[in-house]
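Chains, contacts and geometry: an overview
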Amino acid sequence: MFRFWKKRTRILPREKGNPAPSREDYAQWERSYEADELKKMPLGPRLKDNLALIKRILGNSSDLVIREFRLGVDGGVPGAVVFIDGLTDKGTVNDTLLKGLTLESRMAGLGGRDAGNIFALVRNFMVNTSSVREAATVFELLDGILYGDAAVLVEGETRALLATAPGWPVRSIEEPTSENLVRGPREGFTELLRTNTSLIRRRLRTPNLVLERITLGERTRTYVEVVYIRGLADPRLVQEVKSRLSRIRVDGILESGNIEELIEDNPYSPFPQVFRTERPDRVVSMLLDGRVAIVTDGTPFVLVVPAEFIVFLQSSEDYYERFFLAIAVRWLRYIAFVASLILPSLYISLTTFHQEMIPTRLLISIAASREGVPFPAFVEAFLMEFTFEALREAGIRLPRNVGQAVSIVGALVIGQAAVSAGIVSSLMVIIVALTGISSFVAPVFSMAITMRLLRFPMMVLAATLGIFGVMMGLLVILVHMASLRSFGIPYLAPLAPLHTGDLKDLLMRVPLWAMDKRPSELAKGDPLRQEEGLKPAPPDKKGGQG
Amino acid sequence: MQQDGRGNLIEEGRISSRQMAMLLFTLIISTVDVYLPAVVAGVAGRDAWIAVFLAVVYALVIWAVAVTLASRFPRQTIIHYSKEILGPFLGGLIGMLLLVYFFFVGASIVRILVEIMKSSFMPRTPLVIFAASVVLVACYALFGGLEVIARVNGILLPLGIAALLFVGLGSLPQVDFGQYLPVLEKGLGPVNWGGVILASTIAEIIIILMLYPYLQDRNRVGLNGLWALLGLGAAMLIGVLAIGLFTAEVTAAMNFPALEMVRVIRLGPQRTYLDIVIAAIWVGGIFVKVALVYYAVALGLAQWLGLRNYRPLVVPVGILMVALSVMAYHGLSDLLYTELKIFPGYSLSHALLIPLLLLVVAWLRGWRAKG
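Here the structure is a predicted model, which is why all the values come from computation and not from measurement.

Here we come to the overall build of chain B. From N to C terminus, chain B includes 16 helices and 0 strands. In terms of overall size, chain B behaves like a compact globule, its C-alpha atoms giving a radius of gyration of 20 Å where 371 residues would be expected to give roughly 21 Å. Out of the 371 residues in chain B, the part that is buried amounts to 60%. Across chain B, every contact between residues at least 6 apart in sequence was considered, and the portion connecting residues at least 24 apart equals 84%. Roughly 14,100 Å² of accessible area belongs to chain B as shown, and the carbon and sulfur atoms make up 68% of that amount. Within chain B, the 17 negative side-chain charges are centred at a point lying 8 Å from the centre of the 24 positive side-chain charges.

Right, let's get into the overall build of chain A. When helices and strands are counted, chain A shows 17 helices and 12 strands. Its C-alpha radius of gyration of 31 Å places chain A more than 25% over the 24 Å reference for a compact globule of 546 residues. Looking at chain A residue by residue over its 546 residues, the buried ones come to 48%. Total accessible area computed for chain A in this model is approximately 27,700 Å², and 59% of it derives from carbon and sulfur atoms.

Quick look at the packing of aromatic side chains now. What describes a pair of aromatic rings is the distance from one ring centre to the other and the angle between the planes of the rings. Inspection of the entire model under this criterion finds 21 aromatic pairs over all chains. In textbook terms, an aromatic cluster arises when at least three aromatic residues are bridged by ring pairs, as seen for Y101, F102, F104, F343 and Y346 of chain B. One cation-aromatic arrangement involves K39 of chain A over F139 of chain A; the distance from NZ or CZ to the ring centre is 4.9 Å. The ring of Y223 of chain A carries R213 of chain A above its face, with NZ or CZ at 4.0 Å from the centroid.

A separate point is the side chain of T277 of chain A. Residue and element names in this part refer to chain A. With respect to the element layout, T277 can be found in strand β8 (residues 275-277). Given a relative accessible area of 0%, T277 falls into the buried group. In this structure the side chain of T277 is engaged in a polar contact, spanning 2.8 Å, whose partner is the side chain of E179.

Right, let's get into the sheet that holds strand β6 (residues 209-216) of chain A. All names here are of chain A. Here 5 strands make up an open sheet; going across it, the order is β6-β7-β9-β10-β8 and the pairing antiparallel. Strand pairing shows two members of the sheet lacking a second neighbour, β6 and β8, which therefore form its edges. If you compare each strand with its neighbour and ignore which way they point, the axes differ by 25° on average. One ladder, built from 4 bridges, connects strand β7 (residues 222-229) with strand β9 (residues 292-296); its direction is antiparallel. Among the inter-strand pairings, V226 is bridged to a residue of β9, identified as I294.

All names here are of chain B. For chain B, the average pLDDT comes to 87, and 96% of its residues sit at 70 or higher. Least confident of the elements in chain B is helix α2 (residues 36-44), whose mean pLDDT is 83; most confident is helix α15 (residues 311-327), at 94. Low pLDDT (under 50) marks residues 1-5, which in the prediction has 10 contacts with non-local residues, meaning those over four places away or in another chain. What the predictor reports for the complex is a pTM of 0.87 with an ipTM of 0.90.

Moving on: the nonpolar core. Counting 223 residues, the largest nonpolar core has I207 and F287 of chain B as its most contacted members. It is helix α14 (residues 275-305) of chain B that provides the largest number of residues to this core, a total of 21 residues. Counting only domains with at least three residues in this core, you end up with domain 3 (193-307) and domain 4 (323-490) of chain A. The contacts of I207 of chain B, once residues within four sequence positions are left out, are M20, L24, L27, F102, L292, V293 and A296 of chain B. In this structure, L142, I145, A151 and A160 of chain A belong to the second largest nonpolar core, which totals 24 residues.

Our focus in this paragraph is the UniProt feature "transmembrane region" (unreviewed entry) in chain A. Within the UniProt annotation, "transmembrane region" (unreviewed entry) is assigned to residues 331-353, 403-423, 429-448 and 460-482 of chain A. Structurally, residues 429-448 of chain A is divided into 85% helix and 0% strand, and its ends, taken at the C-alpha atoms, are 20 Å apart.

Once that is clear, we can look at the sheet that holds strand β2 (residues 77-84) of chain A. Residue and element names in this part refer to chain A. Spatially, β1-β2-β4-β5-β3 is the arrangement adopted by the 5 strands of the open sheet, whose pairing is antiparallel. For this open sheet the edge positions go to β1 (64-71) and β3 (132-135), each flanked by a neighbour on one side alone. This sheet shows a mean twist of 25° between the axes of neighbouring strands, independent of strand direction. Summarising the sheet, strand β4 (residues 149-154) and strand β5 (residues 160-164) pair through 5 bridges and their orientation is antiparallel. Across the sheet, A150 pairs through a bridge with A163, a residue of β5. Along the sheet, helix α4 (residues 47-57) makes contact with β1, β2 and β4, crossing β2 at roughly 15°. Against the sheet, helix α5 (residues 90-107) contacts β1, β2, β4 and β5, and its axis sits at roughly 20° relative to β1.

Evaluation of the coordinates by the stated rule reveals 38 salt bridges over all chains. In this structure, E225 of chain A engages R194 of chain A in a salt bridge whose closest nitrogen and oxygen atoms are separated by 3.4 Å. Taken together, the residues E225 of chain A in strand β7 and R194 of chain A in helix α8 (residues 193-203) connect sequence positions 31 residues apart. Salt-bridge contacts for E204 of chain B lead to K289 of chain B; the nearest nitrogen and oxygen are separated by 2.6 Å. Here E204 of chain B, found in the loop between α8 (188-202) and α9 (208-211), pairs with K289 of chain B, found in helix α14; they are 85 residues apart in sequence, far enough to count as distant. Classification of K289 of chain B as buried rests on a relative accessible area of 1%. In this structure, a network of salt bridges that share partners links the residues E385, E389, R392, E393, R397, R452 and R455 of chain A.

Residues and elements named next belong to chain B. A cluster of nonpolar side chains, contributed by I161, L165, L169, L172 and F177, occupies part of the molecular surface with about 470 Å² of accessible area. Topologically, L169 is positioned in helix α7 (residues 146-171). Given the relative accessible area of 60%, L169 is considered exposed.

This part covers the domain arrangement of chain A. Residues and elements named next belong to chain A. If you check the domain split of chain A, you get domain 1 (1-30), domain 2 (35-163), domain 3 (193-307) and domain 4 (323-490). Using only C-alpha atoms to locate each centre, domain 3 and domain 4 end up separated by 34 Å. Summed over both sides, the interface of domain 3 with domain 4 buries roughly 1,400 Å², with 75% coming from carbon and sulfur. Broken down residue by residue, the surface that domain 3 buries against domain 4 is led by P270, F271 and R276, which jointly contribute 40%. At the surface where domain 3 touches domain 4, the tally comes to 0 salt bridges. Joining domain 3 to domain 4, the criterion identifies 5 residue pairs in polar contact (both at pLDDT 80 or more). Only α9 (235-246) and β8 provide two or more residues apiece to the side of domain 3 that touches domain 4. In terms of residue count, the dominant contributor to the side of domain 3 that touches domain 4 is α9 (4 residues). In terms of residue class, the side of domain 3 that touches domain 4 is built from 10 nonpolar, 3 polar and 4 charged.

Residues and elements named next belong to chain B. Running from N to C, helix α3 (residues 48-72) and helix α10 (residues 221-239) point in directions that differ by 160°, and their axes come no closer than 10 Å. Considering the angle they form, α3 stands roughly antiparallel to α10. As for how α3 packs across α10, the hand of that crossing is right-handed. Between α3, through W49, V52, F53, V56, A59, L60, W63 and V67, and α10, the contact on the second element is made entirely by V221, G222, G225, L226, L229, L230, G233, M236 and L237. For the contact of α3 with α10, the class distribution of residues is 14 nonpolar, 3 polar and no charged.

Turning to the interface of chain A and chain B, a few remarks are in order. With 28 residues of chain A in contact, the opposing surface of chain B contributes 31 residues. Of the roughly 2,500 Å² buried between chain A and chain B, counting both surfaces, carbon and sulfur atoms make up 78%. At the boundary of chain A and chain B, one finds 1 salt bridge. Taken together, chain A and chain B are joined by 2 residue pairs in polar contact (both at pLDDT 80 or more). The biggest single contributor to the side of chain A that touches chain B is helix α17 (residues 445-483) of chain A, with 14 residues. The residue makeup of the side of chain A that touches chain B, split by class, is 19 nonpolar, 7 polar and 2 charged.

The rules behind these values
- Residues numbered from 1 in each chain as written.
- Chains lettered and ligands numbered in written order.
- Predicted model: local features only at pLDDT ≥ 70, side-chain atom pairs only at ≥ 80, totals over all residues.
- Heavy atoms only, no water.
- Helix = DSSP H or I, 4+ residues; strand = E, 2+ residues; numbered from the N terminus.
- Rg over C-alpha atoms; globule rule 2.2 N^0.38 Å.
- Buried < 20%, exposed > 50% of the residue type's maximum accessible area, 1.4 Å probe, protein only.
- Contact = heavy atoms within 4.5 Å.
- Areas by Shrake-Rupley, 256 points an atom, 1.4 Å probe, with all protein chains shown as cover.
- Lys, Arg positive; Asp, Glu negative; His and termini not counted.
- Charge placed at Lys NZ, Arg CZ, Asp CG, Glu CD.
- Phe/Tyr/Trp six-rings, centres within 6.5 Å; stacked < 30°, edge-to-face > 60°.
- Lys NZ or Arg CZ within 6 Å of the ring centre and 35° of its normal.
- Polar contact = N/O pair within 3.5 Å; in protein donor to acceptor, adjacent residues only side chain to side chain.
- Pairing = 2+ DSSP bridges.
- Axes fitted to C-alpha atoms, helices over the stretch in contact; angles between N-to-C directions.
- pLDDT = per-residue confidence, 0-100.
- Core = buried A, V, L, I, M, F, W, Y, C linked by side-chain atoms within 4.5 Å.
- Domains from an automatic or database assignment.
- UniProt positions renumbered as here; feature names shortened; annotations may be inferred.
- Salt bridge = Lys/Arg side-chain N within 4 Å of Asp/Glu carboxyl O.
- Patch = residues over 30% accessible without salt bridge, like charges linked within 9 Å, V, L, I, M, F, W, Y side chains within 5 Å.
- Buried area = accessible area lost by both parts, 1.4 Å probe.
- Nonpolar A, V, L, I, M, F, W, Y, C, P; charged D, E, K, R; others polar.
- Parallel < 35°, antiparallel > 145°, perpendicular 65-115°, else oblique.
- Left-handed = near helix turned anticlockwise from the far one by under 90°.

As structure tokens, then:
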């Protein structure tokens, strides 16, 4: 798609005396090859021409490897193995391709008499890798070798053989860093698509688990898999996901966040409408709800849709721990979540407008600690929140060993020094600390960011209209959330519209043996999750061993 | 517009009759427990609790008339079928009268909110700030449509009921039930009048005449509304606890007995002054009420004018509502006088007489446009 270039070159600022290259210049120096053009370009019968074409198209790149050889006896038939150094495993190429093609073809006595069906012979007897495809156009050939396949070309053939032999550097499976659990599987997704899908399939052995591949990005040509369970996921939902994905026409997909931003229902909302996780077990549990996962090559973050508000406040550990604890933790999380949004604004409105609500003794001590502070509560709160957010951001970006120092300095600045310097009151420090801790309680980072963001307008409202202002702000947020949808599912489901049956996984976390139905907005095909009467009970006393 | 007997419905969202009942509950409870106990205590004295029972009975009559009428024309709002029943001129007039009624109810409730915030919490803030901010948020909700209002209510109502129970249970230890004796000291007359005043506020449930076509399960709305009314009765009984707390005379002299009830609650050794927290939750209820009547006005006006969309009318109607709420009353006493002397007749004539008239004429003309 050339129009991307057109736009870019026009916006580029031009320096005087050094004019930007024009389109003609690009055309003269180096030609770019578009997918549509390559798709129409067939392979020729002459090996030399084909190799020259590949070289020219790839700009004679240094990592392109072309190993020419001769096939069979009597001087043999010219052939070549083409692959990209670093993407393809050289050992596999040596052992399974070249060995067969050079040595064994001689031993088999392949020669001039086999001219007509030499390609079939190579395919069936010489190349012994598990996955082999044929390419008829230059496009297919390049698409293959640029993904890591090795191509075998033979003189006189207008087809090429693509053998899968990936050998790119891979990060091993590690514990996910953004979602930590005490109890639960330690595996996390990696950057490799195949590893990720295998992690999902290993947990879901049903033949109804379907993976559908879509290629996104005109230039990055990133593989994306749409994963769902047939019979659970609503077919219309799957269709909607695929149609939204196929709408995407961009230069590159570097992370699943790029996709997320292009398939959201409401792009102007501060709330995340697509769930993302690094945990295969979470993806599987959501697939079992009837949701659809989108696995992107090159990132450990898998997207899941639809994602209503409440899934961002649930952790997979809720279902691994005993349910009493899970309920308590869940409510702790809800309260912390609300606190991370409104705690600073409550402080501001109470100290500015509604002092009568504060118990007298506490009021006196607040007044005493604020005595030396020259700023109104809002400025005080804003300063501290700003400092805290800056420290947090710095802590993430800085090199790890420097980060330590920053957090120590930050603790000193936020804590003792700011109070003794009379910039903020000591209660404010407590409020900021509580808010900070609360915002880390949200199990999914994207929702915590939203709360961080919304906290500041809430503080402004609290400073101008007191609790009335806070309530107005909350109402705006509530109205906004009530009007949001994620892939057709109301964002506040199952609270509003109310599905009383689903509240057992929201207000509580009922024991697994009572969790017999899937969320009612999803999985309409098979609403029942399990058999009834799973409640464990000790064996009958009469029949027991005593 | 009227050819297929349907009219233009404009709104595409549909709500369940349970959501409708919850909306009706919020619509009434957000006004009825705040200042009405004072009004009723002034009229019915210590027998206000009997007035509550009478009010529920009267309200059931209004509800029955409204639902019967609405169920005869299930695919239309009253703006359309009043024209069908009484002809385009008279019917249009009736439709306009009802729109003005809802508009007036909206403006009054905005003013009540403003008065409470102003007199109890922030006396030096200008009126229009509160009025404009609540209408602005309602405006945002209106662009989302009926479903959004119903969903917001679905979240807020449980909070509101929790707050109500908290107030009721929290002040219960200090209620002196001797205050309710003797019963019916002055006969049934004042009690009945108290019931009528309460019923005239509950009469706002005729908003169902505007919202009936947007229900998913229309046949259950009558029953669900009945439950909402019974729940309202219980909630109003919590409101009349004020008489047991403060005596009838003192309650009648109060502006907002509900806030005073909150102020007597003790969680520890001292009074805890949670009134602003309860008021904040109540602001949520008021917001739903404002949004709902505001919605009815904007939607009804669009239908009255034959527009395809009500959204262009949202902002103008909102500005007018803020303006009316600021200009209609001189102050709190003016507002309470209106509620006591003018609103009962005004409300009941619109909520009971108009639907009854339409019902009778429709019956005489042989019930058209069913289904």
